[in-house]
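Each chain is listed here by its residues.
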Amino acid sequence: MIQTLFETPSTYRLTETEMAAPVPRVQAVLFDFSNTIFQMISLPSWLRRVGAASGRLALLDEPGAEAEVSHQLRTAFRQPAVVALQESRDLSPERHRRAMYGWWSRVDFLRGAEDAAYRELAAPDTWLPYPDTESVLRTLRSRGLRIGIVSDFPWDLRTHLAHHGLAALIDTCVISYEQGREKPDPQLFFHACAALGTEPRATLMVGDNPVRDGGASACGLRTYLLPAENRTGERGLADVLRLVS
């Protein structure tokens, strides 16, 4: 039975007592990984790594070469066949590799160098924490909060955490390729909360995608969405500390 005429759809139900009681204090914080606490190196940096690994570096020194590769990447990504390959790509490493190879094969510089390109994509140091990531994680830890990651990602992102010395600050990682599910599937958020030993209503989800990360709200989690913008400086994660104070 619905409680109000305009009831918000959700995957959980509260008792009469819970609905009338104060909202529980936040005891745990879940973070998205990509573009929330970590970012990939710049496109020019990645291309030069690929060039060095595939013996094509000199091609990038030609006038306008990097701009042309960037243009071809954008154009190819909009092609229907490439768009179709991106669907559910983070459910397994194999699907993700097919999606990337299908995209890169339409780019002159990357065609034939897909293996090198993928190795450079997944290299431990290709993904970098934002300048404010470590300080926010350490502050949350010092306040006694549990910390987890819920991410649509095609390989073990723990390698990137370990490379940057952040693995000890994360209590659990729930990753799509390991679960066979992608956000906003409720089971990912519920699984993370269970692993942390916290109730969903006492957990905050932080991300940048209103559909995927925002889906946590339907599971009872409070949700904070960062602007979906490219950042070279701090990500704005300090706001999370105010939300859990």
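Residues numbered from 1 in each chain as written. Predicted model: local features only at pLDDT ≥ 70, side-chain atom pairs only at ≥ 80, totals over all residues. Heavy atoms only, no water.

A. Quick peek at the sheet that holds strand β4 (residues 146-151). Read across the open sheet, the five strands follow the order β5-β4-β1-β6-β7; overall the sheet is parallel. What marks the edges here is a single partner per strand, and that holds for β5 (172-175) and β7 (222-225). The mean angle between the axes of side-by-side strands here comes to 20 degrees, regardless of whether they run parallel or antiparallel. The sheet contact formed by β4 and β5 spans four bridges and is parallel. Bridge assignment links Ser 151 to a residue of β5, and that residue is Ile 175. Packing against the sheet, helix α10 (residues 186-196) makes contact with β1 (28-31), β4, β5 and β6 (203-207), and its axis sits at approximately 155 degrees to β4. (Pairing = 2+ DSSP bridges. Helix = DSSP H or I, 4+ residues; strand = E, 2+ residues; numbered from the N terminus. Axes fitted to C-alpha atoms, helices over the stretch in contact; angles between N-to-C directions. Contact = heavy atoms within 4.5 Å.)

B. The arrangement of the pattern of salt bridges in detail. Taken as a whole and judged by the stated rule, the model has 15 salt bridges. Taking the shortest distance from any N to any O, the salt bridge between Arg 141 and Asp 171 comes out at 3.2 Å. Taken together, the residues span a long stretch of sequence, with Arg 141 in helix α7 (residues 133-142) and Asp 171 in the loop between α8 (158-163) and β5 at a distance of 30 residues. Owing to a relative accessible area of 29%, Asp 171 belongs among the partly exposed residues under this scheme. A salt bridge links Asp 152 to Arg 212; the shortest N-O distance between them is 2.5 Å. Placement of Asp 152 in the loop between β4 and α8 and of Arg 212 in the loop between β6 and β7 is noted, with a sequence separation of 60 residues between them. (Salt bridge = Lys/Arg side-chain N within 4 Å of Asp/Glu carboxyl O. Buried < 20%, exposed > 50% of the residue type's maximum accessible area, 1.4 Å probe, protein only.)

C. Representation of the packing of helix α2 (residues 43-54) against helix α3 (residues 65-77). Running from N to C, α2 and α3 point in directions that differ by 100 degrees, and their axes come no closer than 11 Å. Here α2 is positioned roughly perpendicular relative to α3, judged by the angle of their axes. Where α2 approaches α3, its residues Leu 43, Pro 44, Leu 47 and Arg 48 are matched on the opposing element by Glu 66, Val 69, Ser 70 and Leu 73. In the contact of α2 with α3, the residues fall into five nonpolar, one polar and two charged. (Parallel < 35°, antiparallel > 145°, perpendicular 65-115°, else oblique. Nonpolar A, V, L, I, M, F, W, Y, C, P; charged D, E, K, R; others polar.)

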